[in-house]
Amino acid sequence: AQKVTQAQTEISVVEKEDVTLDCVYETRDTTYYLFWYKQPPSGELVFLIRRNSFDEQNEISGRYSWNFQKSTSSFNFTITASQVVDSAVYFCALVRTNSGGYQKVTFGTGTKLQVIP
Amino acid sequence: EAQVTQNPRYLITVTGKKLTVTCSQNMNHEYMSWYRQDPGLGLRQIYYSMNVEVTDKGDVPEGYKVSRKEKRNFPLILESPSPNQTSLYFCASRSTSSYNSPLHFGNGTRLTVT
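The text that follows walks through the structure, step by step, so that each part is easy to find. (Residues numbered from 1 in each chain as written. Chains lettered and ligands numbered in written order. Predicted model: local features only at pLDDT ≥ 70, side-chain atom pairs only at ≥ 80, totals over all residues. Heavy atoms only, no water.)

A closer look at the sheet that holds strand β8 (residues 76-78) of chain B
All names here are of chain B.
Here's step 1: With respect to topology, four strands assemble into an open sheet ordered β1-β3-β8-β7, the strand pairing being antiparallel. Looking along the sheet, the strands with just one partner apiece sit at the ends: β1 (4-7) and β7 (65-66).
Here's step 2: Pairing between β1 and strand β3 (residues 19-25): four bridges, direction antiparallel. Paired with T5 across the bridge in β3 is S24. (Pairing = 2+ DSSP bridges. Helix = DSSP H or I, 4+ residues; strand = E, 2+ residues; numbered from the N terminus.)

Take a look at the structure:
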């Protein structure tokens, strides 16, 4: 079985503060894929980043950065100098492929981030 | 424009009245899936389809049916809706050309069953 845990249900920060959203996953597979999606108040789901299990290189994209650590089964997401537009629910997701080639997607329960002006 | 289109956006119905939520994608994606989003539970997969005529259960398939007769369409059918199926539903698609291709989501359908 696979599982994704986002222990932080809600986080509030003041604008310009840095914030880290935690994602811890469980899987027995050696090959898997991790994703972050953003759901702004308007409701749509937007892809942010993906990471393969065999690629532990961290990534920075503007104010966003991601820290993937296989040793702790974590794929954390940091927003630097947060802005009001970052207010959203953020979902972490784990994808694995079974023996039949079918892909199973498991989402975490999401972290609601509120950035206060 | 590449997109996943769900209809309707909002639906209020009564217990037991069969309904269908449509989903269509114009990206020629092989993989399509349905999710429901509930407070505190995140997104849970209902059904998914790897290609035409190939479907499989996700984590919460009870009370739902799907079909994949054409590559672009993946309707979600509730034969006899119940109040516990009140939820926000998302359809998504992705290419299977690479294992790490992301999901593209529709805008959601908010269903209320009274």
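Concerning unusual backbone geometry
Here's step 1: At the junction of N7 of chain B and P8 of chain B, the peptide bond is cis and its omega measures out at -5° in the coordinates.
Here's step 2: With respect to the helices and strands, P8 of chain B occurs in the loop between β1 and β2 (10-13).
Here's step 3: The backbone of A81 of chain A sits at a positive phi, close to 50°, despite the residue not being glycine.

Structural notes on the nonpolar core
Residue and element names in this part refer to chain A.
Here's step 1: Formed by 23 residues in total, the largest nonpolar core has its most connected members in W36, F75, F77, Y90 and L113.
Here's step 2: Mapped onto this core, the elements with two or more residues apiece are β2 (10-14), β3 (19-21), β5 (33-39), β8 (64-69), β9 (74-79), β10 (88-97) and β12 (111-116).
Here's step 3: For this core, the leading source of residues is β10, giving four residues.
Here's step 4: Sequence-distant contacts of F75, that is, excluding residues within four places in its chain, are made with C23, L34, F35, W36, I49, R51, W66, N67, F68 and C92. (Core = buried A, V, L, I, M, F, W, Y, C linked by side-chain atoms within 4.5 Å. Buried < 20%, exposed > 50% of the residue type's maximum accessible area, 1.4 Å probe, protein only. Contact = heavy atoms within 4.5 Å.)

Some points on the pattern of salt bridges
Here's step 1: Per the stated rule, a full pass over the model turns up nine salt bridges over all chains.
Here's step 2: In this structure, E79 of chain B engages K18 of chain B in a salt bridge whose closest nitrogen and oxygen atoms are separated by 4.0 Å. Of this pair, E79 of chain B sits in the loop between β8 and β9 (87-94) while K18 of chain B sits in the loop between β2 and β3, and the two are 61 residues apart along the sequence.
Here's step 3: Via salt bridges that share partners, R51, D55 and E59 of chain A belong to a single interconnected network. (Salt bridge = Lys/Arg side-chain N within 4 Å of Asp/Glu carboxyl O.)

As for the interface of chain B and chain A
Here's step 1: Taken together, the 22 residues of chain B in the interface contact 20 residues of chain A.
Here's step 2: Summed over the three residues of chain B that lose the most area to chain A, namely L43, Y99 and N100 of chain B, the buried surface amounts to 30% of that side.
Here's step 3: Counting across the interface, chain B meets chain A through one salt bridge.
Here's step 4: D59 of chain B serves as the salt-bridge partner of K104 of chain A, at 2.5 Å between the closest nitrogen and oxygen.
Here's step 5: Connecting chain B to chain A are three residue pairs in polar contact (both at pLDDT 80 or more). (Buried area = accessible area lost by both parts, 1.4 Å probe. Polar contact = N/O pair within 3.5 Å; in protein donor to acceptor, adjacent residues only side chain to side chain.)

Points about the packing of aromatic side chains
Within a pair of aromatic rings, the relevant descriptors are the distance that separates the centres and the angle that separates the planes.
Here's step 1: Within the structure shown, the criterion is met by 20 aromatic pairs over all chains.
Here's step 2: On the numbers, 5.8 Å between centres and 50° between planes, the contact of Y37 of chain A with F107 of chain A is tilted. Here the residue Y37 of chain A occupies a position in strand β5, and F107 of chain A occupies one in strand β11 (residues 103-107), the gap between them amounting to 70 residues.
Here's step 3: Pairing F107 of chain A with F105 of chain B gives two aromatic rings, centres 6.2 Å apart and planes at 65°, and the pair type is edge-to-face. (Phe/Tyr/Trp six-rings, centres within 6.5 Å; stacked < 30°, edge-to-face > 60°.)

Regarding the state of the cysteines
Residues and elements named next belong to chain A.
Here's step 1: Taken as a whole and assessed by the stated rule, the structure comprises two disulfides over all chains.
Here's step 2: The residue that forms a disulfide with C23 is C92, at a sulfur-sulfur distance of 2.0 Å. Residues C23 and C92 share a disulfide whose torsion about the S-S bond is about -65°; that sign makes it left-handed. Of this pair, C23 sits in the loop between β3 and β4 (24-26) while C92 is found in strand β10, placing the two residues 69 residues apart along the sequence. (Disulfide = S-S within 2.5 Å.)

With respect to the side chain of T109 of chain B
Residue and element names in this part refer to chain B.
Here's step 1: Secondary-structure assignment places T109 in strand β11 (residues 109-113).
Here's step 2: A polar side-chain atom of T109 sits 2.6 Å from the main-chain carbonyl oxygen of P8.
Here's step 3: Residues in contact with T109, not counting those within four places in the same chain, are Q6, N7, P8, R9, V21, S87, L88 and Y89.

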